[in-house]
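One letter stands for each residue in the lines below.
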Amino acid sequence: QVQLVESGGGLVQAGGSLRLSCTASVGILRVNVMGWYRQAPGKQRELVATITSSGNTNYADSVKGRFTISRDNGKNTVYLQMNSLKPDDTAVYYCNVVLTEIPGRNYWGQGTQVTVSS
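How each quantity is defined
Residues numbered from 1 in each chain as written. Predicted model: local features only at pLDDT ≥ 70, side-chain atom pairs only at ≥ 80, totals over all residues. Heavy atoms only, no water. Buried < 20%, exposed > 50% of the residue type's maximum accessible area, 1.4 Å probe, protein only. Helix = DSSP H or I, 4+ residues; strand = E, 2+ residues; numbered from the N terminus. Pairing = 2+ DSSP bridges. Disulfide = S-S within 2.5 Å.

Caption draft 1: Region of interest: the pairing of strand S8 (residues 77-82). Burial analysis of S8 places 5 of its 6 residues in the buried class, the great majority of the element. Where strand S7 (residues 67-72) folds back on S8, the antiparallel hairpin that results is connected by 4 residues, among which Asn76 adopts a positive phi of roughly 50 degrees.

Caption draft 2: Quick look at unusual backbone geometry. In the Ramachandran plot, Asn76 falls in the positive-phi region, its phi being about 50 degrees despite a non-glycine side chain. Judged by its relative accessible area of 19%, Asn76 is buried.

Caption draft 3: Quick look at the state of the cysteines. Throughout the structure, instances matching the rule amount to 1 disulfide. Between the sulfur of Cys22 and that of Cys95 lies a disulfide, 2.1 Å long from S to S. Classification of the bridge connecting Cys22 and Cys95 rests on its S-S torsion, roughly -80 degrees, and on that basis the disulfide is left-handed. Here Cys22, found in strand S3 (residues 18-25), pairs with Cys95, found in strand S9 (residues 91-99); they are 73 residues apart in sequence, far enough to count as distant. An identical accessibility class is assigned to Cys22 and Cys95; each is buried.

That is the geometry; function is a separate question.
Have a look at this one:
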């Protein structure tokens, strides 16, 4: 059974920073891609950033230069350092994992709320 546990959301003023963490419990399976998505009220869920097991990263244009994704493969943990936050970054942030053995399936965390006040 795959479980994702997220932490680190909260309320911050515009220009501030937050760091999200997500740890995946996957038993004997291997984690391939880890990432973060977000969903604001009334909007579709969108990609924020992803990182492969070899460290290749991909970012949404809206967060490039402000957010940094990283991971600890030994702990199956992915981080999202968010700097220079804007009110438009307000959303529920979801951790996402794709396993090497099950490439066609996405696993999701429960979501963590990030609120940026102006």
